[in-house]
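As a plain string of letters, each chain reads:
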Amino acid sequence: ERGLYVSFEDGMSWDPLQLDLPVVPITDLAMAQGDLVVATQGRGFWILDELTPLRQLDAATHAGATVLYAPMDATRAMGGRGRGGEPAGTNPDFGMTIDYRLATDTEDVELTIKDYDGAVIRTFTPKGEGDKDKFAAGRSDVLPTGAGFHRFPWNLRGTGAESFEDMILWNGGLGGPKVPPGQYRVELTVDGETASVSGLVLADPRSDATGMDLVEQYRFARSTGELLTRAHTAIRDLRAAREDLEGLKGRLPKADGAEALEARIDAALEVMKAAEEELYQTKNRSRQDPLNYPIRLTDKLAGVRSGALQGEFRPTAQMVAVAAELSAAIEGALDRLAPVLDVELREIDAAARALGTPLLRLPEAGSDVEPAAEPAEESVAEIDKD
């Protein structure tokens, strides 16, 4: 029959490898950069992207085992899934293509990307990237499940900074930075059992950047992103706390101590208002509002961070200096907010309970506003970087 066939037994037997290829005479086959290019009679050229997993098929795969295949080397050179007019095909996803096979249907699946030192770069699950996914910048595709073969693209980016509901930023984005070239670990955990393979990220061959340039770019984006996440999480916490405090004011009984407690609530609300307005432009309601209202600290830092990711270079001295100034101001606002969220709310709650009117909820002490640990000076990857 006409079509494409593959042999796993040195030509002793052949299996169809038709996939979406039309049943049509094939006039030529060629290998190019790990892809199989097929020339057909009357149906144009077809490309089967990345034969890496096909070369790794073995008896275990045919027996129906769960298998994680070693990925083909990925490059930092940008690409995408754009396409021309019909009948053009669709380009493969940019980044590292991760292929795996699940023996059975299961939702207990997790894919983790780690750097050479074992630090987690990214974690994917069938539900997205966990509870933070609701506010995560640049939400990734969910991890596919179900018995059989799956192909999942990792866009070579680490985790982005978190936002909050209805947030409007004018000056920059919160997406994750591209990782530097080097060796990474891909781990697939299925029903408690973990398999791991190595994956190599290569430099963009057009880039003149050194390996350490790109390490510094990644570390800069990671550290500023972590601070933005802390600031935006604190804003979420203070908004929830403000709603409770304002509700509490309306429920206070006319009793001894109520007036003093109300004054204490007003003082806490004032601190929260000042911190929020210092961190974020609270007048923003639409994408064009920043034209009328000046951007605040987190928007400015997001702008510096985005600028540092626009290209293949380490952050400039000016970027580092501006980020340090903005970071100090953000830390100051969080330091002024922390006593209210960590201590004052609990004391207000205790006083309200004594009056028979407790608060409804409280953020966990220190969970979101304490300074994050300084990034370790580890190697982000085993680097021969572009």
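Just so we're clear, the structure is a prediction, and the values are computed from it rather than from any experiment.

Participant: Please explain the pairing of strand β4 (residues 35-40) as it appears in this structure.
Facilitator: Remark: a regular strand shows side chains that alternate across the two faces of the sheet. Across the 6 residues of β4, 6 count as buried, placing the element largely inside the fold. The alternating pattern of β4 places D35, V37 and A39 and L36, V38 and T40 on opposite faces, both of which are buried. Here strand β3 (residues 26-32) runs beside β4; their pairing, made up of 6 bridges, is antiparallel. Paired with M31 across the two strands is L36, which belongs to β4. Judged from the 4 bridges that link them, β4 and strand β5 (residues 45-48) form a sheet pairing that is antiparallel. Paired with V37 across the two strands is I47, which belongs to β5. Hairpin remark: β4 followed by β5, antiparallel, with 4 residues in the connecting loop; positive phi at G42, about 95°.

Participant: Looking at this structure, how should I read the pattern of salt bridges?
Facilitator: Pairs can form between side chains of opposite charge once their charged atoms are near each other. Enumeration according to the criterion identifies 17 salt bridges in this entry. With a shortest N-O distance of 2.9 Å, E312 and R76 are connected by a salt bridge. Remark: R76 occurs in the loop between β7 (74-75) and β8 (96-102) and E312 occurs in the loop between α5 (297-308) and α6 (317-354); sequence separation between them is 236 residues. Taking relative accessible area as the criterion, E312 reaches 21% and is therefore assigned partly exposed. According to the relative accessible area criterion, R76 is buried, its value standing at 0%. In this structure, R239 and E276 form a salt bridge, with 2.6 Å as the shortest nitrogen-oxygen distance.

Participant: What am I meant to see in empty space enclosed by the protein here?
Facilitator: Space left empty within the atom packing is revealed by a probe, the size of a water molecule, rolled over the atoms. Across all of its chains, the model carries 2 cavities of 30 Å³ or more by this definition. A volume near 40 Å³ is recorded for the largest cavity. Taken together, I168, L279, Y280, Q281, N284, I295, R296, T298 and D299 form the lining of the largest cavity. Counted by class, the lining of the largest cavity contains 4 nonpolar, 3 polar and 2 charged residues.

Participant: It is not clear to me how the sheet that holds strand β6 (residues 67-68) should be interpreted in this structure. Could you clarify?
Facilitator: In spatial order, the strands read β6-β8-β11; together these 3 strands make up an open sheet with antiparallel pairing. The strands lining the two open edges of the sheet, one partner per strand, are β6 and β11 (148-154).

Criteria and thresholds
- Residues numbered from 1 in each chain as written.
- Predicted model: local features only at pLDDT ≥ 70, side-chain atom pairs only at ≥ 80, totals over all residues.
- Heavy atoms only, no water.
- Buried < 20%, exposed > 50% of the residue type's maximum accessible area, 1.4 Å probe, protein only.
- Helix = DSSP H or I, 4+ residues; strand = E, 2+ residues; numbered from the N terminus.
- Pairing = 2+ DSSP bridges.
- Salt bridge = Lys/Arg side-chain N within 4 Å of Asp/Glu carboxyl O.
- 1 Å grid on protein atoms, 1.4 Å probe; cavity = no way out; pocket = protein on both sides within 12 Å on 5 of 7 lines; lining within 4 Å.
- Points joined across faces, edges and corners; volume = space filled by probe spheres on them.
- Nonpolar A, V, L, I, M, F, W, Y, C, P; charged D, E, K, R; others polar.

That's the geometry; what it means functionally is another story.
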